[in-house]
Amino acid sequence: MNMPQDHVDATALVARALAPYGERPGPEGVAALTDDLIACGQQLHDALCRTPSTQRPAGAFEALAEWEYFAAVGPLGSGPHAHWNHARGLARIIRQLVRALEHAAGASAS
């Protein structure tokens with residue numbers, strides 16, 4: 001199984017989104033980060049969906065379902081804090097998607 005090209009980018013995006021609150025970018029930066037998270041996360045989601053279910057770790061189904069929900073619903077509330085929390089939620093799910101893909105890659109290699 002091949003990891004998507006955005007696997008490395010996902011790690012950097014997650015780190016940016018999970019930075020301390022004092023390092024939160026301005027509204028435009030949060031919007032751009034969220035767009036990048038959604039694009040990257042969707043690629044990871046799609047790659048995991050293409051992975052045979054027998055190679056997916058426990059928790060992969062939940063990560064897929066959470067991604068679909070959070071990506072579709074958007075921020076819960078309005079204002080900069082809600083958008084920042086949404087980006088952080090997307091980042092946490094991306095982290096789970098990456099872990100599931102890494103597990104699947106290991107399972108297919110053995």
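Above this text is the structure in question.
All values reported here derive from a predicted model rather than from experimental measurement. (Residues numbered from 1 in each chain as written. Predicted model: local features only at pLDDT ≥ 70, side-chain atom pairs only at ≥ 80, totals over all residues. Heavy atoms only, no water.)

1. What to know about the side chain of His45
The test is simple: Under the scheme used here, helices are H or I runs from DSSP no shorter than 4 residues and strands are E runs no shorter than 2 residues, and both carry numbers assigned from the N terminus. Note on exposure labels: buried denotes an accessible area under 20% of the residue type's maximum, exposed denotes more than 50%, and partly exposed covers the range between, all computed with a 1.4 Å probe on protein chains only. Distance and chemistry together define a polar contact, namely a pair of N or O atoms within 3.5 Å, with one atom able to donate a hydrogen and the other to accept it when in protein, and with adjacent residues in sequence counting only for side-chain atoms on both sides. Two residues form a contact once any of their heavy atoms are found within 4.5 Å.
Mapped onto the fold, His45 is located in helix H2 (residues 27-50). Judged by its relative accessible area of 6%, His45 falls in the buried class. Of the polar contacts made by the side chain of His45, one reaches the side chain of Asp46; its length is 3.2 Å. The residues contacting His45, other than those within four sequence positions of it, are Leu64, Trp67, Glu68 and Leu97.

2. Considering the environment of Leu101
On the secondary structure map, Leu101 appears in helix H4 (residues 80-109). For the pair Leu101 and Asp36, spaced 65 residues apart in the sequence, the C-alpha separation amounts to 19 Å.

3. Comments concerning the packing of H2 against helix H3 (residues 60-73)
Put simply, the test is: All axes here are fitted lines through C-alpha atoms, helices being fitted over the stretch that makes contact, and every angle between N-to-C directions spans 0 to 180 degrees. Reported orientations rely on four angle classes, namely roughly parallel under 35 degrees, roughly antiparallel over 145, roughly perpendicular from 65 to 115, and oblique for the rest. The handedness criterion is simple: a crossing whose near helix is rotated anticlockwise from the far helix by less than a right angle is left-handed, and one whose near helix is rotated clockwise is right-handed.
The contact between H2 and H3 brings their axes to 11 Å, and the two run at 140°. Judged by the inter-axis angle, H2 sits oblique to H3. Classified by chirality, the crossing of H3 by H2 is left-handed. Contacts between H2 and H3 involve Leu37, Ile38, Gly41, Gln42, His45, Leu48 and Cys49 from the former and Ala60, Leu64, Trp67 and Glu68 from the latter.

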